[in-house]
Amino acid sequence: MSDRSGNIGMPIRMFETSSLDLIGDAHGCAALLEALLDRLGYRPDAAGVLRHPTRKVVFLGDIIDRGPQIREAVAMVRRMVEGGAAYAILGNHEINALRACRLEVRQRHSRQRQVLKETLEQYARYQKEWDSALDWFAQLPLCLEMAGMRAVHACWDERLMRPFLERQPDGRLTPEQLQRSLDPQSFFFDLVDRATRGPQLNLPGNLCIHGRDGIQRKAFRTSFWHAQPHVYGDVVFQPDPLPHCIEERPLQERELNQLVYYPPDQPPLFFGHYWRNGHPSLLTPNVACLDYSAVKGGHLVAYRYDGEQALSADRLVWQSANDLA
Ligand SMILES: [Mn+2]
């Protein structure tokens, strides 16, 4: 029985383990998620919580939006977290939902509005359930640091994360901090933006990226595990390529200062967010991105972590949308 009596964040039947299965962005793909969990050995208990006898899941955020079964995905993940079978952290899509629905922020980008609209439509006849989901999102942590590893939705920037974790050791944003994260001049804006969206660089001049999704962008997502990047092409980390002429353009001092670096002597770091394609692989021995575009016909990817400080690609497990058909 899960506790519905008010303590929404309170896990029951917790046990300590450093055997964790980290899972990338599910984006409303409940059937795919269930299939992956089954493959990983999670089975429903009497209360319907998917559970493993010795392991727990860490969901890396972006459970909502885009996919066909958003309510089901949220319910499955939430039951696991509340049942002590999993942890979950916030993605930019949950932050976006909280801002729109709780802080009543009108989204500047029609893209964000459009994406959230799909979630709101699926919850349209379940308003109480949506309110309750928002309550639950509001108390999820922005990051996790446990069992010798770190997890965040997009990017771990120690310069922002450490001062935050010193104040909030559980990694949860207070309502005031979430409110303050709307102010682009604030520490909490930088913290939430960096953690859930990752670092970006603006393109020089009037250059634009024409994305496959039909959207033009004036900035690109940057990697944070290269010790000494020299040119734009060294740091671009997104499905859409840079305008051809600037791959070889040297990074300016000012741009180098905007980059983030996660060094190889730090604990293993897991994140999602970046819409990777192809055969799942590690980025470095201590950096793993587990988002392989599951909702766009890619793979839902897990890493089976057992406390090792050097990650191994043979611990990646995935379920592909095509295999379910
Ligand atoms: Mn994301």
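Residues numbered from 1 in each chain as written. Predicted model: local features only at pLDDT ≥ 70, side-chain atom pairs only at ≥ 80, totals over all residues. Heavy atoms only, no water.

Under the annotation held in an unreviewed UniProt entry, the protein chain carries the name Diadenosine tetraphosphatase and related enzymes and is attributed to Zymobacter palmae.

Student: Talk me through the coordination of the manganese ion; I want residue IDs and the actual numbers.
Tutor: Coordination sphere of the manganese ion, protein contribution only: Asp-62 (OD), Asn-92 (OD1), His-153 (NE2) and His-273 (ND1), at 2.1 to 2.3 Å. Donor residues binding the manganese ion come from one chain and are separated in sequence as D-x29-N-x60-H-x119-H. Here His-153 is found in the loop between strand 7 (149–152) and helix 6 (158–167), whereas its partner His-273 is found in the loop between strand 12 (269–271) and strand 13 (287–289), with 120 residues between them in sequence. Residue His-273 is classed as buried on the basis of its relative accessible area of 4%. (Donors = N, O, S within 2.8 Å, 3.2 Å for Na, K, Ca; no water. Helix = DSSP H or I, 4+ residues; strand = E, 2+ residues; numbered from the N terminus. Buried < 20%, exposed > 50% of the residue type's maximum accessible area, 1.4 Å probe, protein only.)

Student: Could you give an account of the nonpolar core, naming the residues involved and the relevant values?
Tutor: Most often, soluble globular proteins have nonpolar side chains that are buried together. In terms of nonpolar packing, the biggest core is built from 69 residues, with Ile-23, Phe-59, Met-80, Phe-137, Leu-173 and Phe-271 touching the most fellow members. When residues of this core are assigned to their parent elements, the largest contribution, seven residues, is made by helix 2 (residues 70–82). Setting aside its immediate chain neighbours within four residues, Phe-59 contacts Ile-23, Leu-33, Val-77, Met-80, Ala-86, Tyr-87, Ala-88 and Ile-89. (Core = buried A, V, L, I, M, F, W, Y, C linked by side-chain atoms within 4.5 Å. Contact = heavy atoms within 4.5 Å.)

Student: I'd love a proper account of the pattern of salt bridges, names of residues and values included.
Tutor: Inspection of every chain in the model, using the stated rule, returns 22 salt bridges. Notably, a salt bridge pairs Asp-21 with Arg-55, separated by 3.1 Å at the nearest N-O pair. Separated by 34 residues along the polypeptide, Asp-21 in strand 1 (residues 20–23) and Arg-55 in the loop between strand 3 (50–51) and strand 4 (56–59) bring together distant segments of the chain. Residues Asp-21 and Arg-55 agree in their burial class; the two are buried. The salt bridge partner of Arg-150 is Glu-158, with a shortest N-O separation of 3.8 Å. Assessed through its relative accessible area of 5%, Arg-150 is described here as buried. (Salt bridge = Lys/Arg side-chain N within 4 Å of Asp/Glu carboxyl O.)

Student: Tell me about the domain arrangement of the protein chain, and please be specific about residues and values.
Tutor: For the protein chain, the assigned domains are domain 1 (20–154 + 262–324) and domain 2 (199–259). The C-alpha centroid of domain 2 is placed 26 Å from the C-alpha centroid of domain 1. Counting from both sides, the interface comprises 14 residues of domain 1 and, opposite them, nine residues of domain 2. Buried area between domain 1 and domain 2, both sides added, is near 1,000 Å², and the carbon and sulfur share of it is 65%. (Domains from an automatic or database assignment. Buried area = accessible area lost by both parts, 1.4 Å probe.)

Student: How would you explain the pairing of strand 1 if you had to name every residue and give the values?
Tutor: The alternating pattern of strand 1 places Leu-20 and Leu-22 on one face and Asp-21 and Ile-23 on the opposite face, and all of these are buried. Pairing between strand 1 and strand 4: four bridges, direction parallel. Across the sheet, Ile-23 pairs through a bridge with Phe-59, a residue of strand 4. Here strand 1 pairs with strand 15 (residues 299–305) via four bridges, running antiparallel. Residue pairing across strands places Ile-23 opposite Ala-302, the latter belonging to strand 15. (Pairing = 2+ DSSP bridges.)

Student: Tell me about the packing of aromatic side chains, residues and numbers included.
Tutor: In this description, an aromatic ring pair is defined by two values, namely the gap between the centres and the angle between the planes. Counting across every chain of the model gives 14 aromatic pairs. Considering the side-chain rings of Phe-224 and Phe-271, the 5.2 Å spacing of their centres and the 45° angle between planes classify their relative orientation as tilted. Of this pair, Phe-224 sits in the loop between strand 11 (219–221) and helix 9 (232–235) while Phe-271 sits in strand 12, and the two are 47 residues apart along the sequence. Among the aromatic residues, ring-to-ring pairing joins Phe-224, Trp-225, Phe-237, Phe-271 and Tyr-274 into one connected group. Sitting over the ring of Tyr-126, Arg-71 keeps its end group 3.4 Å from the ring centre. Above the ring of Trp-275, the side-chain terminus of Lys-296 is found at 3.8 Å from the ring centroid. (Phe/Tyr/Trp six-rings, centres within 6.5 Å; stacked < 30°, edge-to-face > 60°. Lys NZ or Arg CZ within 6 Å of the ring centre and 35° of its normal.)

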